[in-house]
Amino acid sequence: MRKIHVIGIGAGDPDQLTLQAVRAMRSTDVFFILDKGEVKADLTGLRRDMLDTHVPHGTYRVVEARDPERDRRAGGAAYSPAVGDWRSARADIYERLIAEEVGEDQTGAFLVWGDPSLYDSTLAILEEVLERGAVAFAYDVVPGISSVSALVARHRTGLNRVARPVQITTGRRLAEGFPQDVDDVVVMLDAHQTFRRYADEDVDIYWGAYIGTPDEILVSGPIAEAAPRIERLRAEARERKGWIMDTYLLRRHPRD
């Protein structure tokens, strides 16, 4: 039966690859890369650099396919259906790639940013492909260093505090209010910089963009002081590169 590796490759630094990830990569016959277009071509380049560094030349193939566009204008009740449509479009591509490019006795692999189990859709999409029944395969998952772990490491802080919970959420959810009974909140890919809503509260921010890459940017401090700098750096980076991936931790000070 065909086999598929879902390999977490860390937040961008080739040194963040685990030994397990390297072993899985070296056992792979064909790697699948979804191309997000010229604007994000450096993401494809980073993947290829990792292969060049860790896998012997001539032992594998790379097959690229164009990543389908997601309707990013959809909001409110239309958001979840839009994501579902995008995942199904991806499932069509995955199904074709696995059926056409992986022989019955071969292994394919998807190189996933960060950790495949955190803020990534690859596992759900592969399950959808299997449920369709058109192509059979087994798959395994290699954990990676997530952007969350890399963020707090680069800021030399912990993710949690003693006897206190941590919540990972989205900018959309944070806009509805700071989570109750949680003082440490990680926010993933907040396009609207929702942290600015808490500039008048006693909250620190640990922010990072392009974590683990040569373009990495880090800012930390009270939101009231850090927010203007983050806004400026974020705008400059997005203008320069055409895209941005950022993550941040909000840490609310205990109330008396």
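Below: a short report on this structure. Keep in mind the model is a prediction, meaning the values are calculated, not measured.

1. Focus: the overall build of the protein chain
Logical step 1: Secondary structure summary: the protein chain contains seven helices and ten strands in total.
Logical step 2: In terms of overall size, the protein chain behaves like a compact globule, its C-alpha atoms giving a radius of gyration of 20 Å where 256 residues would be expected to give roughly 18 Å.
Logical step 3: In the protein chain, once contacts between residues fewer than 6 apart in sequence are set aside, the share between residues at least 24 apart is 71%.
Logical step 4: For the protein chain, the exposed area adds up to about 13,100 Å²; of that, 47% sits on carbon and sulfur atoms.
Logical step 5: The average position of the 34 basic charges and that of the 42 acidic charges among the side chains of the protein chain differ by 2 Å.

2. Describing the side chain of Asp184
Logical step 1: By secondary structure assignment, the location of Asp184 is in strand E7 (residues 184-188).
Logical step 2: For Asp184, the side chain forms a polar contact with the side chain of Arg251, separated by 2.5 Å.
Logical step 3: Once residues within four sequence positions are removed from consideration, Asp184 is found in contact with Leu159, Arg161, Pro165, Val166, Gln167, Leu249, Leu250 and Arg251.

3. Looking at the environment of His5
Logical step 1: Tracing the backbone shows His5 in strand E1 (residues 2-8).
Logical step 2: Ignoring any residue separated from it by four or fewer positions in sequence, one finds His5 in contact with Ala24, Ser27, Thr28, Thr107, Gly108, Ala109, Phe110 and Asp140.
Logical step 3: Within the structure, His5 has its side chain in polar contact with the side chain of Ser27 (distance 3.0 Å).

4. Brief notes about the environment of Tyr79
Logical step 1: Assignment of secondary structure puts Tyr79 in helix H3 (residues 79-101).
Logical step 2: A C-alpha to C-alpha distance of 31 Å links Tyr79 and Ser220, two positions 141 residues apart in sequence.

5. Some remarks on the packing of helix H1 (residues 19-26) against helix H2 (residues 41-54)
Logical step 1: Look at H1 against H2: their axes get within 10 Å of each other, and the N-to-C directions meet at 85°. In terms of orientation, H1 and H2 fall into the roughly perpendicular class. Each of Val22, Met25 and Arg26 in H1 lies in contact with H2, whose residues at this interface are Met50, Leu51 and His54.
Logical step 2: Each residue belonging to the contact of H1 with H2 can be placed in one class, and the counts come to four nonpolar, one polar and one charged.

6. What about the packing of H3 against helix H4 (residues 122-132)?
Logical step 1: For the pair H3 and H4, interaxial distance at closest approach is 9 Å and the crossing angle is 65°. On the basis of their axis angle, the class for H3 and H4 is roughly perpendicular. Of the two possible hands of crossing, H3 and H4 adopt the one that is right-handed. Mapping the contact onto sequence places Arg87, Ser88, Arg90, Ala91, Asp92, Tyr94, Glu95 and Ile98 in H3 and Thr122, Ala124, Ile125, Leu126, Glu128, Val129 and Arg132 in H4.
Logical step 2: The residue inventory of the contact of H3 with H4, partitioned by class, reads seven nonpolar, two polar and six charged.

7. A few points about the side chain of Thr247
Logical step 1: Tracing the backbone shows Thr247 in strand E10 (residues 246-252).
Logical step 2: Apart from residues no more than four positions distant in its own chain, Thr247 is found in contact with Ser147, Leu151, Val186, Val187, Met188, Tyr206, Trp207, Gly208 and Ile211.

8. Topic: the packing of aromatic side chains
Logical step 1: Taken as a whole, this structure holds seven aromatic pairs when the rule is applied.
Logical step 2: When the ring of Phe137 is compared with that of Tyr139, the centres are 6.4 Å apart and the planes differ by 50°; the resulting orientation is tilted.
Logical step 3: On the basis of relative accessible area, Phe137 is assigned to the buried category, the value being 6%.
Logical step 4: A ring pair is formed by Phe195 and Tyr248, whose centres lie 5.2 Å apart and whose planes are at 85°; its orientation type is edge-to-face. Separated by 53 residues along the polypeptide, Phe195 in the loop between E7 and strand E8 (203-209) and Tyr248 in strand E10 bring together distant segments of the chain. When sorted by exposure, Phe195 lands in the same class as Tyr248, which is buried.
Logical step 5: A connected cluster of aromatic rings, assembled from ring pairs, spans Phe32, Tyr94 and Phe110.
Logical step 6: Positioned over the ring face of Tyr210 is Lys241, at 5.3 Å from the centre of the ring.

Reading guide: rules and limits
- Residues numbered from 1 in each chain as written.
- Predicted model: local features only at pLDDT ≥ 70, side-chain atom pairs only at ≥ 80, totals over all residues.
- Heavy atoms only, no water.
- Helix = DSSP H or I, 4+ residues; strand = E, 2+ residues; numbered from the N terminus.
- Rg over C-alpha atoms; globule rule 2.2 N^0.38 Å.
- Contact = heavy atoms within 4.5 Å.
- Areas by Shrake-Rupley, 256 points an atom, 1.4 Å probe, with all protein chains shown as cover.
- Lys, Arg positive; Asp, Glu negative; His and termini not counted.
- Charge placed at Lys NZ, Arg CZ, Asp CG, Glu CD.
- Polar contact = N/O pair within 3.5 Å; in protein donor to acceptor, adjacent residues only side chain to side chain.
- Axes fitted to C-alpha atoms, helices over the stretch in contact; angles between N-to-C directions.
- Parallel < 35°, antiparallel > 145°, perpendicular 65-115°, else oblique.
- Nonpolar A, V, L, I, M, F, W, Y, C, P; charged D, E, K, R; others polar.
- Left-handed = near helix turned anticlockwise from the far one by under 90°.
- Phe/Tyr/Trp six-rings, centres within 6.5 Å; stacked < 30°, edge-to-face > 60°.
- Buried < 20%, exposed > 50% of the residue type's maximum accessible area, 1.4 Å probe, protein only.
- Lys NZ or Arg CZ within 6 Å of the ring centre and 35° of its normal.

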